[in-house]
Amino acid sequence: MKTFKTILLAAALATPGVIAAGTASAQVNGVAVADPEAAIANSRAFTTAVTQIQTTYKAQLDQANTRRNAIQAELQPLVTAAQTAARAPGATEASLRPQLSAIQAKEQAGNNELQRLTAPAQRARAYAAEQVQRQLATAVQNVVKAKNVSLLVSPQATLFTQPAADITPAITAELDRLVPSVSTAVPANWQPGQGAGAPAAAAPAAAAPAASNRKAPSGR
């Protein structure tokens, strides 16, 4: 997520001699790799919060899972019918369009329904993630200073990395020290990004798309 990568960049730029998220040469001494999203997602405060959220919102999440399975079951015959129609002689995009539109409409309606059901839990996840995120810049600065890192890059900026060069676990450990726990009780007027000057945060490991991922074939 761009939010976390932006914070990693800001943290590195605040530390002399450190460049983040750029192209790196393997010959540079002090090169390190860090995944800020993983650092937050693996932090003790966030993982504990996720467990609490799963308990607090168990009824809604169970209902969402039940509806997800039902929606997939409702979609499957429509997808099968569209696949059969696509194989029929003379099938065209125009002839398949009504069936494909019906599938897309039903899938979108299902996703909207599941988003409503899971919204309280997702909001709580985002709130917990943001509380940890507020200390990400400090954690990065502390770790790169302690490890004498001169070049910090994201995993996406590297083709090969030695495991020892990955300082993500060290950043997670520093986050654990800086943020021992977070609250999952979301204030009524809270909006992502409004607290402590932090940019908007999306919770790591967000829920998968609600409805079926099966795709009906395109027309010939």
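Look up: the structure comes first, before these words.
It should be emphasised that the depicted structure is a prediction, and the values quoted were computed from it without experimental measurement.

Chemist: Just to check I follow, could you spell out the packing of aromatic side chains for this structure?
Modeler: A full pass over the atoms with the stated rule returns one aromatic pair. Summarising the aromatic geometry, the rings of Tyr 127 and Trp 190 are spaced 5.2 Å apart at their centres and angled 70° between planes, so their arrangement reads as edge-to-face. Placement of the pair is Tyr 127 in helix α5 (residues 93-133) and Trp 190 in the segment after α7 (168-178), with a sequence separation of 63 residues. Classification of Tyr 127 by relative accessible area gives buried; the value is 11%.

Chemist: It is not clear to me how the pattern of salt bridges should be interpreted in this structure. Could you clarify?
Modeler: The tally for this structure, following the rule as stated, stands at eight salt bridges. Note that Arg 44 and Asp 176 form a salt bridge whose closest N and O atoms lie 3.7 Å from each other. Of the two residues, Arg 44 is situated in helix α3 (residues 44-56) and Asp 176 in helix α7; the sequence distance between them amounts to 132 residues. The exposure class assigned to Arg 44 is partly exposed, which follows from its relative accessible area of 49%. Note that Glu 174 is salt-bridged to Arg 177, the shortest N-O span being 2.6 Å. Pair noted here: Glu 174 and Arg 177 are both in helix α7, with a separation of three residues, about one helical turn. Members of the salt-bridge network, linked through shared partners, are Arg 67, Glu 74, Lys 106 and Glu 113.

The rules behind the values
- Residues numbered from 1 in each chain as written.
- Predicted model: local features only at pLDDT ≥ 70, side-chain atom pairs only at ≥ 80, totals over all residues.
- Heavy atoms only, no water.
- Phe/Tyr/Trp six-rings, centres within 6.5 Å; stacked < 30°, edge-to-face > 60°.
- Helix = DSSP H or I, 4+ residues; strand = E, 2+ residues; numbered from the N terminus.
- Buried < 20%, exposed > 50% of the residue type's maximum accessible area, 1.4 Å probe, protein only.
- Salt bridge = Lys/Arg side-chain N within 4 Å of Asp/Glu carboxyl O.

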